[in-house]
Amino acid sequence: MEKTQPFPNLDIPKENIRSTHRWREPTFWLRWIDWPLAIAISWASLVVACLFRLALAVNRLRLLHRSARPLTVSNNLASRRKITIAESSLISSPVAVGLWSPKVLLPSDFVLSAEDRENVLRHEIAHLERFDDWLNLVQQLCIALFPINPCLWILRRRLRLQEEIACDDWTLLSANDPKNSKHGPAGACP
């Protein structure tokens, strides 16, 4: 097969054709790469890394569940799901951990007034009532399967912010006197 010149009106000597159109021929090592396979291997490596990260998070969740010691709390924190209030020495701030056996974990050295403590518990219970634990798992699985999609990362960040706002609103609605609360929802600063 004879190579045709890109500009037939130009008279380029045959010995210079190869050097002037070097961009058409990839360098030696690029010709031997199977690009679809290389892209598939790169994508699979990212998926495995994200799934490994997710497996570590689930293992951490299991350790938090095991380290928790149940606490007794007031009855006005009732919920639709069977949620256990517990304390753990492995955390530094209150957290809702869920999936199969939802719990609100408080740090061992957690000291607040009764009203503030109740607001914090309401906020964390709101996360579990809204099934944010399952939503976060689905988000993490989507990101693990499609790790190079920037829309998923942006959507995850926005959903996390909206989760926090919704739980703060839920806490304010269930508070005794939200207007006179010293710190607002869940101890947040004004």
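For the structure given in this document, a descriptive report is provided here. Numbering of residues starts from 1 in every chain and runs along the sequence as written. Reporting of local features is limited, given that this is a predicted model, to residues whose pLDDT is at least 70; pairs of side-chain atoms are given and counted only at 80 or more, and all residues count toward the totals for whole chains, interfaces and linings. Hydrogens are left out, water is left out, and the side-chain values use all remaining heavy atoms of the structure.

**Notes on the overall build of the chain**
Only DSSP runs of H or I covering at least 4 residues are called helices, and only runs of E covering at least 2 are called strands; the numbering of each starts at the N terminus. The helix and strand tally for the chain stands at six helices and four strands. Counting helices and strands in the order they occur from the N terminus, the chain gives α-α-α-β-β-β-β-α-α-α. Here the chain holds 190 residues, and the buried ones make up 30% of them. Here, two residues are considered to be in contact whenever any of their heavy atoms come within 4.5 Å of each other. A separation of at least 24 residues holds for 55% of the contacts in the chain among residues at least 6 apart in sequence. Total accessible area on the chain is roughly 13,600 Å²; 64% of this is exposed by carbon and sulfur atoms. When a residue's accessible area, from a 1.4 Å probe over protein chains only, is under 20% of the maximum for its type it is buried; when over 50% it is exposed; and in between it is partly exposed. Computed by Shrake-Rupley with a 1.4 Å probe, the accessible areas treat only the displayed protein chains as cover when residues are assessed.

**A short note on the pairing of strand β2 (residues 84–88)**
Where a strand is regular, its side chains alternate between the two sheet faces. Here, a strand pair is defined by DSSP locating no fewer than two bridges between the strands. In this sheet, β2 lies alongside strand β1 (residues 69–70) in antiparallel orientation, the contact comprising two bridges. From the neighbouring strand, R69 faces β2, where its bridge partner is E87. Examined bridge by bridge, β2 and strand β4 (residues 103–107) share five bridges and lie parallel to one another. Across the sheet, residue S88 finds its bridge partner in β4, namely P107.

**Structural notes on the packing of helix α4 (residues 114–129) against helix α6 (residues 150–174)**
At a minimum axis distance of 8 Å, the contact between α4 and α6 shows a crossing angle of 125 degrees. Judged on the interaxial angle alone, α6 and α4 are oblique. Considering only the axes of α4 and α6, their crossing is right-handed. Residue-level contacts link N119, R122, H123, A126, H127 and E129 of α4 to E163, E164, C167, D168, W170, T171 and S174 of α6. In this count, Pro and Cys sit with the nonpolar residues alongside Ala, Val, Leu, Ile, Met, Phe, Trp and Tyr, while Asp, Glu, Lys and Arg are called charged and the others, Gly among them, polar. Tallied by class, the residues present in the contact of α4 with α6 amount to three nonpolar, five polar and five charged. What counts as an axis is a line fitted to C-alpha atoms, over the stretch in contact for a helix, and the angles between N-to-C directions run from 0 to 180 degrees. When describing relative orientation, an angle under 35 degrees is termed roughly parallel and one over 145 degrees roughly antiparallel, while 65 to 115 degrees is termed roughly perpendicular and anything else oblique. What makes a crossing left-handed is the near helix being turned counterclockwise from the far one by less than a right angle; a clockwise turn instead makes it right-handed.

**Looking at a nonpolar patch on the surface**
Patch construction takes residues with relative accessible area above 30% that form no salt bridge. Like charges are linked within 9 Å, and nonpolar side chains (Val, Leu, Ile, Met, Phe, Trp, Tyr) are linked within 5 Å. Note on definitions: salt bridges are taken to be side-chain nitrogens of Lys or Arg within 4 Å of carboxyl oxygens of Asp or Glu. A cluster of nonpolar side chains, contributed by W43, L46, L51, L141, L145, F146 and I148, occupies part of the molecular surface with about 650 Å² of accessible area. Contributing elements (two or more residues each) for the nonpolar patch: α3 (35–67) and α5 (132–145). Per-element tally for the nonpolar patch: the top contributor is α3, with three residues. By secondary structure assignment, the location of L145 is in helix α5.

**Focus on the pattern of salt bridges**
Between side chains of opposite charge, pairing is possible as soon as their charged atoms come close. Here the structure, examined in full by the defined rule, presents five salt bridges. Between R81 and D133 there is a salt bridge whose closest N-O contact spans 3.1 Å. Of the two residues, R81 is situated in the loop between β1 and β2 and D133 in helix α5; the sequence distance between them amounts to 52 residues. Classification of R81 as buried rests on a relative accessible area of 13%. D133 sits in the buried class, given a relative accessible area of 12%. The shortest N-O distance in the salt bridge between E118 and R122 comes to 2.6 Å. On the criterion of helical spacing, the pair formed by E118 and R122 is a turn pair, its members being four residues apart in helix α4. When sorted by exposure, E118 lands in the same class as R122, which is buried.

**Observations regarding the packing of aromatic side chains**
When the centres of two rings from Phe, Tyr and Trp lie within 6.5 Å, Trp using its six-membered ring, the rings pair. Their planes under 30 degrees apart give stacked, over 60 give edge-to-face, and anything left gives tilted. In the structure shown here, the tally under the stated rule is one aromatic pair. Each ring, one from W100 and one from W134, has its centre 5.4 Å from the other, and the planes form 80 degrees; the classification is edge-to-face. In this pair, W100 is assigned in the loop between β3 (95–97) and β4 and W134 in helix α5, connecting sequence segments 34 residues apart. The exposure class of W100 is exposed, given its relative accessible area of 71%. Taking relative accessible area as the criterion, W134 reaches 31% and is therefore assigned partly exposed.

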